[in-house]
Amino acid sequence: MSTEFKYKSNDLPEYTFKDLKSRIISYSCIIILIFLNSTLFAQKKNDSYELKIRPASSAIKIDGVMDEAAWSDADLATNFYLVEPMDTSFAKIKTEVKMTYDQDNLYIIAICYHEPGPYFVESLRRDFAFNKNDNFLLFMDPFNDLNSGYSFGANAAGAQWDGLIYDGSTVGLSWDNKWTSSVKNYRDHWIFEAAIPFKSIRYRPGTTKWSINFGRMELKTSEKSSWAPVPRQFGTATLAYSGNLVWDQPPPQPGQNISIIPYTLGGIFNDHSNKPVLSNYRKGVGADAKIAVNSSLNLDLTVNPDYSQVEVDRQVANLDRFELFFPERRQYFLENGDLFSNFGYQNTRPFFSRRIGLGVPIQYGARLSGKLNPNLRLGLMNMQTSDSGPDQPSQNFTVMAIQQKVFARSSIGVLAINKASLSFRPENAYAGVSRYNRVAGLEYNLASANNTWTGKVLAMKSFSPDKFGSGWMQAANLQHLSRHWNLNWQHEIVGENYNAEVGYVPRRAYINLSPHAGYLFLPKMGPFVSHGPRISTSYFYDDSFKSTDHSNSLAYNLNFRNRATISARLANDYVKLLRPFDPTNRGGDTLSVGTEHRWNSFSAGFVSRPQSLYTISLSSRYGGYYQGGSLLNLTSEFGYRFQPYVSIALSSSYNNINLPKPWNNTQFWLVGPRLDVTMSNKLYFTGFVQYNEQSENINVNTRLQWRYKPASDLFIVYTDNYLPAPFSVKNRFLVLKLTYWWNI
């Protein structure tokens, strides 16, 4: 089919569409291979920064008081460097850090000095936003691969932070584990003290050097700093710029390391759409288990898992032609989750764990993940769902991922996915359920030693019983990030029959070319810490290399020294519809296939300084829309906090769409007030309402969480869904769930 298209010029030879595709792939590989030079093999940038760690000379009590002899005897890390607003000097605000250990725990204490006056925090809720809190964080890479690790810390009020580091600098905060900490406030400083069990982390046995860094945010002076210096264009979690934690001897082996996490729950679900109202009483038990095969390889097991306590997705107004993406929040899928989920790009993910157990119960699952040796990571996962009627047979999901480190920080990965319907029946095919779906592929991830050059090249192939040919997906990108420049080239080629049922690929049968370039000015004086333009473009083509849509934009961003931001954007869009589409996404009349639409638009945004108790976030978009119409969008979020206990936020989105008949004028609101109450750093209440006029639904959700022991919780969750008019109940759900983390 695609071989019929030819490109011809008087001075150039003829190229078929397949030739063009192969050239795009070849040139991308060549560009990336050009950068396989000395920068990939260079020594770690901050290898000379060392903190020596020795066994504790006395017992340590985690109370935020530095009165033990062990802390007097421990080595000191201080003289933090500024990262922002400028990375050319030491931080004015002093930070001191010490670390020690015993047979069971790794200990850390940080003395965080500050200028006179109150600290700034959002609340006592764990896993706070880094840029909105006075805080101290530890970034730790026990394997020295400079790509993955752990982060622990707290804000100045004592709220805990813990997460997994992946992609060299990204901290995933959905991960949760067992550790203890305390924060104590003094007149001119606050102290963070923590004990991290060796059983809660994975590390290479026999090593005496871990990569490590410490980050600090002090909002009164708008200083972001780190112990080992990090260039301002990177986050303080960037492991390429970590220093070293040097052990006097290999850290202790954790010994038998088995954790059982059982749960029990009871609840009721009322379906008011039926008359009489149907009530379904819920009760259940289940368990997760974490078994350390060794100090760097972990086996996770789950039986009859339940995720009713996971926070409801935040609704968004949807004017997109394709499926929206919502991140994974379930704890079981998160540790080493990047091994599976980081293949591909945001819209070409061959694996997306939320496809497993989507609306059907999971019976059991097993996952083996971690390090086989210092350079080789392995992930094996098998999940089994139950039979849920004629439309959904029992299904088994098997995923294998292997990642081999090459050069300083790069890697080669292999992924294989098999989804099989075990009780497949003819009626399942009529319901659109496949007998099996398989995806396999290869990916090369580029990461230079100093993180200036990053990129990837990948190819995936799908296999389905009813789809043959064009089942390939190929993509590549190369990014250069320096002090002033941010340059990126990316392309994606997705075949018509590329079918990743366990992935997130909302669009198929296209070629996409998406370069962008940005530049930052860094004034030494004045109200701005940085500002600069960004040019982006994204072109989509069909399999005849004819344009189907594109978006070109020019943006300018202003970053104030007080951490407020202003942005503005001009955009030009073109869409040729490949399928019918209702431009209001409300189930009404649709635009015809093949119709072409062009428009220009202007967007602007403002985010206030996070130090204020009262915060504002505003954004707007006005301009053309489909069928020569117009679209006005106004989005806002107003917040106020009675720190550190109460946080109130009101978010809203208003859309006004003007189109010719039969749509005429369409207006709808999305409003979401939210209340967070943190009685302590162990007791939280969250309540929010989401009124979505577009989908004609009002959702009320409340959740009380009591962390009565580390990583052990009691949840009480109540959810209502209403029709806005005549304000009638659709369904109600109440559940009480108790979990307990038991170390054997």
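The structure we're discussing is the one just above.
Residues numbered from 1 in each chain as written. Predicted model: local features only at pLDDT ≥ 70, side-chain atom pairs only at ≥ 80, totals over all residues. Heavy atoms only, no water.

Colleague: How would you explain the pattern of salt bridges if you had to name every residue and give the values?
Modeller: Applying the stated criterion across every chain yields a total of 29 salt bridges. For the salt bridge of Arg282 with Asp306, the shortest nitrogen-to-oxygen distance reads 2.7 Å. Within this pair, whereas Arg282 is found in strand E17 (residues 278-294), its partner Asp306 is found in the loop between strand E18 (297-303) and helix H4 (338-341), the two being separated by 24 residues in sequence. The residue Arg507 makes a salt bridge to Asp549 at a minimum N-O spacing of 2.5 Å. Remark: Asp549 occurs in strand E30 (residues 547-560) and Arg507 occurs in the loop between strand E26 (485-494) and strand E27 (510-513); sequence separation between them is 42 residues. By relative accessible area, which is 10% here, Arg507 ends up buried. With a relative accessible area of 5%, Asp549 lands in the buried category. (Salt bridge = Lys/Arg side-chain N within 4 Å of Asp/Glu carboxyl O. Helix = DSSP H or I, 4+ residues; strand = E, 2+ residues; numbered from the N terminus. Buried < 20%, exposed > 50% of the residue type's maximum accessible area, 1.4 Å probe, protein only.)

Colleague: With reference to specific residues and values, describe the packing of aromatic side chains.
Modeller: Applying the stated rule across the entire model yields 35 aromatic pairs. Between Phe352 and Tyr504, the ring centres sit 6.0 Å apart and the planes meet at 70°, which makes this aromatic pair edge-to-face. A residue pair is termed long-range when its members are at least 10 positions apart, and Phe352 in the loop between H4 and strand E19 (362-373) and Tyr504 in the loop between E26 and E27 qualify at 152 residues. One exposure class covers both Phe352 and Tyr504, and it is buried. Taken together, a centroid distance of 4.8 Å and an interplanar angle of 5° make the contact between Tyr722 and Phe727 stacked. By relative accessible area, Tyr722 is classed as buried at 12%. We classify Phe727 as exposed; its relative accessible area is 51%. A network of ring pairs unites the aromatic residues Tyr49, Tyr81, Phe90, Phe136, Phe192, Phe214 and Trp227 as a single cluster. Across from the ring centre of Tyr332, 5.5 Å away, lies the NZ or CZ of Arg367, which sits over that ring. (Phe/Tyr/Trp six-rings, centres within 6.5 Å; stacked < 30°, edge-to-face > 60°. Lys NZ or Arg CZ within 6 Å of the ring centre and 35° of its normal.)

Colleague: How would you summarise the environment of Arg126 if you had to cite specific residues and measurements?
Modeller: Among the structural elements, Arg126 can be located in the loop between strand E6 (105-113) and strand E7 (135-141). Among the residues examined, Arg126 registers a relative accessible area of 10% and is labelled buried. In sequence terms Arg126 and Asn681 are 555 residues apart; their C-alpha atoms lie 7.1 Å from each other. Excluding anything up to four places from it in sequence, Arg126 contacts Ala159, Gln160, Asp162, Asp176, Trp179, Tyr684 and Arg707. Within polar-contact distance, the side chain of Arg126 engages the side chain of Gln160 at 3.0 Å. (Contact = heavy atoms within 4.5 Å. Polar contact = N/O pair within 3.5 Å; in protein donor to acceptor, adjacent residues only side chain to side chain.)

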